[in-house]
Amino acid sequence: MADNEDTSGTSQEVDEAQDAGQAREVCWRGKDVGFATVDVDDAELLHRWRSDPVAVHQIGYWPRALSALRERLERQRDDNDRDDFLVLLPDGTPIGHIALFDQDLADGTAEVLLLMDERYRGGGHGSAALDALVDLAFGELPLQRLQAVTHTGNAPALAVLAGAGFVQEGVRRSACLHRGRRYDVAVLSLLRPEWEALGRPRAWEL
């Protein structure tokens with residue numbers, strides 16, 4: 001989960017992102033953000049975000065070919081255990097990828113993933129997207145527990161998760177290898193009663 005502040009980027013990249021988000025059907029809304037279902041044609045955009053060094057380090061993505069990502073999106077079309085969305089600004093600009101995956105409706109569990117475009121980190125959009133996803137998970141699905149994992153040193157992501165109500169419940173020591181170094185991974189969770197106790201407005205009330 002990466003949400004470091006970085007507002008750099010070329011106007012060409014901004015234009016490309018806006019083009020990718022045009023005419024997308026918004027299926028869920030949060031505070032100043034909307035969700036559109038990820039499509040195979042989004043592979044190039046996702047590949048660019050996943051190639052960002054911050055994402056590679058903090059989320060643990062292994063570099064893959066664009067063709068491999070496209071093939072994976074094709075396979076996931078029929079995957080009922082996950083839901084992937086583009087995070088959109090009100091004008092339709094895609095600024096991130098958020099997902100609810102490893103869904104187990106019998107046990108009522110799932111894991112969340114959030115990857116923001118480097119130009120939109122630190123502006124509150126990641127927090128808004130995570131709140132919206134949490135509301136979707138507990139307001140529309142019979143889930144009882146959401147989990148998130150990130151490096152213990154990923155302070156921005158930990159802050160976003162804490163702001164959404166997630167509680168750190170443990171550390172997987174030396175669980176990640178990156179550039180020859182071992183990193184600890186924090187395990188966080190949010191339970192349905194904790195979500196119900198949150199005082200903020202729900203996505204459908206905004």
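Structure report, in brief. Predicted model, so just to flag it, every value in this text is computed and none were measured.

**What to know about the pattern of salt bridges**
1) Next: Under the counting rule described, the total for this entry stands at ten salt bridges.
2) Next: In this structure, the salt-bridge partner of D131 is R200, at a minimum N-O distance of 3.6 Å. With D131 in helix α5 (residues 125–140) and R200 in the segment after α7 (192–197), this pair connects stretches of sequence that are 69 residues apart.
3) Next: The salt bridge involving R200 is made with D135; its shortest N-O contact spans 2.8 Å. Here R200, found in the segment after α7, pairs with D135, found in helix α5; they are 65 residues apart in sequence, far enough to count as distant.
4) Next: When salt bridges with common partners are traced through the structure, they connect D39, E74 and R77 into a single cluster.

**What to know about the environment of V54**
1) Next: Of note, V54 is situated in helix α3 (residues 53–58).
2) Next: Taking the C-alpha atoms as reference points, V54 and E118, separated by 64 residues in sequence, lie 8.3 Å from one another.

**Details of the pairing of strand β7 (residues 167–178)**
1) Next: Relative to strand β8 (residues 181–191), β7 runs antiparallel, the two being bridged by eight bridges. Across the sheet, the residue bridging to V167 is S189, located in β8.
2) Next: What sits between the antiparallel neighbours β7 and β8 is a turn of two residues, in which R179 has the positive phi angle 55°.

**Concerning the nonpolar core**
1) Next: Grouped together as the largest cluster of nonpolar side chains are 36 residues, with contacts concentrated most on F35, L146 and F166.
2) Next: When contributions to this core are tallied by element, the ones reaching two or more residues are β2 (33–37), β3 (83–88), β4 (94–104), β5 (109–116), α5, β6 (145–151), α6 (155–163) and β8.
3) Next: Of all the elements, α5 adds the most residues to this core, at nine residues.
4) Next: Within the second largest apolar cluster, 13 residues are counted, among which are V40, L46, A55 and L69.

**Description of the sheet that holds β8**
1) Next: Reading across from one edge, β1-β2-β3-β4-β5-β6-β8-β7 is the order of the eight strands in this open sheet, with mixed pairing throughout. At either end of the open sheet lies a strand with only one pairing partner, and these are β1 (28–30) and β7. Strand-to-strand twist of the sheet, defined as the mean angle between neighbouring strand axes without regard to direction, takes the value 25°.
2) Next: Relative to β4, α5 is tilted by about 30°, and along the sheet it contacts β1, β2, β3, β4, β5, β6 and β8.

**Concerning the side chain of Q103**
1) Next: Along the polypeptide, Q103 turns up in strand β4.
2) Next: Here the side chain of Q103 touches L100 through a polar contact of 3.0 Å, landing on its backbone oxygen.
3) Next: Beyond its immediate sequence surroundings of up to four residues, Q103 is in contact with D81, R82, D83, T109, A110 and L141.

**A closer look at the packing of helix α2 (residues 43–50) against helix α4 (residues 66–76)**
1) Next: For the pair α2 and α4, the least separation of the axes is 9 Å and the interaxial angle reads 120°. With respect to α4, the axis of α2 lies oblique. By crossing handedness, the relation of α2 to α4 is classed as right-handed. Together, A43, E44, L46, H47 and R50 of α2 and L66, L69, R70, R72 and L73 of α4 make up the contact between the two elements.
2) Next: When its residues are assigned to classes, the contact of α2 with α4 shows five nonpolar, one polar and four charged.

**Some thoughts on the packing of aromatic side chains**
1) Next: Counted under the stated rule, the structure contains four aromatic pairs.
2) Next: Between F35 and F85, the ring centres sit 5.3 Å apart and the planes meet at 20°, which makes this aromatic pair stacked. With F35 in strand β2 and F85 in strand β3, this residue pair connects regions lying 50 residues apart in the sequence. Residue F35 shares its accessibility class with F85, and that shared class is buried.
3) Next: Over the aromatic face of W195 sits the side chain of R202, whose NZ or CZ is 4.4 Å from the ring centroid.

What counts and what doesn't
- Residues numbered from 1 in each chain as written.
- Predicted model: local features only at pLDDT ≥ 70, side-chain atom pairs only at ≥ 80, totals over all residues.
- Heavy atoms only, no water.
- Salt bridge = Lys/Arg side-chain N within 4 Å of Asp/Glu carboxyl O.
- Helix = DSSP H or I, 4+ residues; strand = E, 2+ residues; numbered from the N terminus.
- Pairing = 2+ DSSP bridges.
- Core = buried A, V, L, I, M, F, W, Y, C linked by side-chain atoms within 4.5 Å.
- Buried < 20%, exposed > 50% of the residue type's maximum accessible area, 1.4 Å probe, protein only.
- Axes fitted to C-alpha atoms, helices over the stretch in contact; angles between N-to-C directions.
- Contact = heavy atoms within 4.5 Å.
- Polar contact = N/O pair within 3.5 Å; in protein donor to acceptor, adjacent residues only side chain to side chain.
- Parallel < 35°, antiparallel > 145°, perpendicular 65-115°, else oblique.
- Left-handed = near helix turned anticlockwise from the far one by under 90°.
- Nonpolar A, V, L, I, M, F, W, Y, C, P; charged D, E, K, R; others polar.
- Phe/Tyr/Trp six-rings, centres within 6.5 Å; stacked < 30°, edge-to-face > 60°.
- Lys NZ or Arg CZ within 6 Å of the ring centre and 35° of its normal.

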